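Descriptive structure summary
So you can see what is in the structure, the chains are spelled out below.
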Amino acid sequence: MNTVWKINKKGFELSAFHKKSAQLLLSLFLFTAYSVACSAEEFFTNVRWDGYISQSIIHTTDNNFFGESDDSVSLDFTEIELLLSTTFLRDFQFSGSLLSRRAGESDNGEIRLDHGFINYTIFNDLDWMFSSRVGRIKYPVGFYGETRDIAFTRPSLLLPQVLYIERFRGLLYTTDGIGFTVRRSWGLNDITFDLVHASFGTQPDHEYFNELLMMDINGDISQNSSGAARVIYSHDGGRVRIGFTYGSIDYDISNEVNNINIFSGVSIISAEYISKKFEILGEYALLSNEVNNAFPFPDVNTKGMAYYIQGKYRITDKWELLLRSEVLYLDKDDKHGQAFETQSASSGNAIDGHTRYSKSALMGVGWHVSSSMLVRFEYSYIEGTGWLPLEDNSNRNLSKYWDMVIAQISYRF
């Protein structure tokens, strides 16, 4: 997802509260696991352990993606996750996961708390459900904001990078905050509203802002009001789904020279139709990006867009074919980055215009070997580098046209 971000001028002193929030979430996860291991049968019910492991092989004709893949083969895309969920005190649920993710220079594989929250079901009957949650929560963005990391719950090996962009996942994926869900059901139809607010001052690494701004940023980071809201209408048991999402993130970075303000916002319309053999899905996003006070660079206020449409055909119960077209423009008024390239050259820091957009066509095949094993293969022809991870391509001249082949095997337990 390519959303919109804002960095202000207040500066950030890492509060003891924020430091303790991450420790508290991890402690909560470990405490729950320990309690389950001690067979606290009268307290915990519906205990479930899950996990998965995925390994990918990547080759690109030009540019690197998740490792040294250019005219070579990279094995630097590995995901291992352990998930725990349990119910306690009847109306409370705990869900958490520990993730090790290696993705070239973007992620080093260290174990971290991917998500961990307590959910309280306030009301639930055949017609209405209302729940609230607190902890480390995934943003409800589009159809795949919460399920993007698990191979078996996403429609392709990689989600459309024009919208669910990997290079900014540290900013766009999770937050420490609170969330609410309301669902109204009637017959085989339902409408669900999700709201998440970043309440505990999540502090991403500087590298994510360096990727966003294409320059080194130093200073203290603080998060302003950020969050996401989504509504999804599901018809005929999910045969037809229509959704709308709005999300925004607002950050300040303060140092001796600058008081930078970064804001990023996204509005997404999503639609899906599923039949016995076919599945057609598309999402369209309007992007808003502001960067202020990043001296010596001029202020930025751009409106972008991204969309994709994909079709999936189930050849058999085990085999499926996927076709997808994707487009990303970081600036609708400068779609191919020509004005951006000229302006950056005049400031002495020339950046290619193709870093401001991306167009691609993808063909993929999926083989469901069993209920526990999935193998996927995808080929993409790509123009532009708008979503390419820059950390894998430092000190390189990026190519405007390139191809990418990825194969992945995933196992869940």
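Residues numbered from 1 in each chain as written. Predicted model: local features only at pLDDT ≥ 70, side-chain atom pairs only at ≥ 80, totals over all residues. Heavy atoms only, no water.

1. Brief notes about the pattern of salt bridges
Put simply, the test is: What counts as a salt bridge is simple: a side-chain nitrogen of Lys or Arg found within 4 Å of a carboxyl oxygen of Asp or Glu. Runs of H or I in DSSP of at least four residues are treated as helices and runs of E of at least two as strands, each being numbered from the N terminus. Note on exposure labels: buried denotes an accessible area under 20% of the residue type's maximum, exposed denotes more than 50%, and partly exposed covers the range between, all computed with a 1.4 Å probe on protein chains only.
Following the criterion strictly, the structure yields 20 salt bridges and no others. When the shortest N-O distance is used, the salt bridge between Glu-79 and Arg-101 registers 3.5 Å. Note that Glu-79 is positioned in strand S2 (residues 74-88) and Arg-101 in strand S3 (residues 92-103), a separation of 22 residues in sequence. One exposure class covers both Glu-79 and Arg-101, and it is buried. The residue Lys-138 makes a salt bridge to Asp-114 at a minimum N-O spacing of 3.6 Å. Taken together, the residues span a long stretch of sequence, with Lys-138 in strand S5 (residues 128-138) and Asp-114 in strand S4 (residues 107-124) at a distance of 24 residues. Each member of the pair Lys-138 and Asp-114 is classed as buried. Connected through salt bridges with shared partners, the residues Glu-79, Arg-101, Asp-107, Arg-112, Arg-148, Arg-154 and Glu-166 form a single ionic network.

2. Focus on the pairing of strand S15 (residues 357-368)
Heads up, the rule is: Any two strands with at least two DSSP-identified bridges between them are counted as paired.
The pairing of strand S14 (residues 319-329) with S15 spans 11 bridges and is antiparallel. Counterpart to Leu-322 in the pairing with S15 is Gly-364. When S15 meets strand S16 (residues 373-383), the two strands line up antiparallel, connected through 10 bridges. Bridging across to S16, Met-363 finds its partner in Tyr-379. Counting the residues in the hairpin turn of S15 and S16 gives four residues.

3. Quick look at the confidence of the model for the protein
To keep things clear, this is the line we draw: Each residue carries a pLDDT score, the predictor's own confidence in it, on a scale running from 0 to 100. Note on contacts: a residue pair qualifies if any of its non-hydrogen atoms lie within 4.5 Å across the two residues.
Confidence in the prediction of the protein, expressed as mean pLDDT, is 85, and 85% of residues score 70 or more. Confidence drops under pLDDT 50 across residues 1-20; counting only partners more than four residues distant or on other chains, this segment forms 90 contacts.

4. What to know about the packing of aromatic side chains
So the rule is basically this: Stacked, tilted and edge-to-face are the three classes assigned to paired rings of Phe, Tyr and Trp, where Trp is represented by its six-membered ring and a pair needs centres within 6.5 Å; plane angles under 30 degrees give stacked, over 60 edge-to-face, the rest tilted. By the criterion adopted, a ring carries a charge over it if an Arg CZ or a Lys NZ lies within 6 Å of its centre and within 35 degrees of its normal.
For the structure shown, the criterion picks out 14 aromatic pairs. Ring geometry for Tyr-284 versus Tyr-307: centroids 6.3 Å apart, planes at 25°, classification stacked. Of this pair, Tyr-284 sits in strand S12 (residues 278-292) while Tyr-307 sits in strand S13 (residues 300-314), and the two are 23 residues apart along the sequence. With 5.3 Å between their ring centres and 5° between their planes, Trp-319 and Trp-367 make a pair best called stacked. Of this pair, Trp-319 sits in strand S14 while Trp-367 sits in strand S15, placing them 48 residues apart in sequence. Of the residues examined, Trp-367 reaches a relative accessible area of 34% and is grouped as partly exposed. Across the ring face of Phe-143, the terminal group of Arg-241 is positioned such that the distance to the ring centre comes to 4.0 Å. Above the ring of Phe-340, the side-chain terminus of Arg-356 is found at 4.5 Å from the ring centroid.

5. A closer look at the environment of Ser-358
The test is simple: Polar contact is defined as a pair of N or O atoms within 3.5 Å, subject to the rule that within protein one atom must be able to donate a hydrogen and the other to accept it, and that residues adjacent in sequence are counted only when both atoms are side-chain atoms.
By the secondary structure assignment, Ser-358 is in strand S15. Once the C-alpha coordinates of Ser-358 and Lys-335 are considered, the two residues, 23 residues apart in sequence, prove to be 9.5 Å apart. A distance of 2.8 Å separates the side chain of Ser-358 from the side chain of Trp-387, its partner in a polar contact.

6. Re the nonpolar core
We apply this condition: For our purposes a nonpolar core is just a set of buried Ala, Val, Leu, Ile, Met, Phe, Trp, Tyr and Cys residues, chained together by side-chain atoms within 4.5 Å.
Within the largest apolar cluster, 48 residues are counted, with the highest numbers of intra-cluster contacts made by Phe-65, Trp-387 and Met-404. Put simply, the parts of the chain that give this core at least two residues each are strand S7 (189-198), strand S9 (227-235), strand S10 (240-254), strand S11 (259-274), S12, S13 and strand S17 (401-412). Among all residues touching Trp-387, those that are not within four sequence positions of it are Phe-65, Gln-161, Val-162, Ile-165, Arg-167, Leu-328, Ser-358, Ile-382, Trp-402 and Met-404.

7. Observations regarding the environment of Tyr-251
Along the chain, the position of Tyr-251 falls in strand S10. For the pair Tyr-251 and Phe-263, spaced 12 residues apart in sequence, the C-alpha to C-alpha distance is 6.5 Å.

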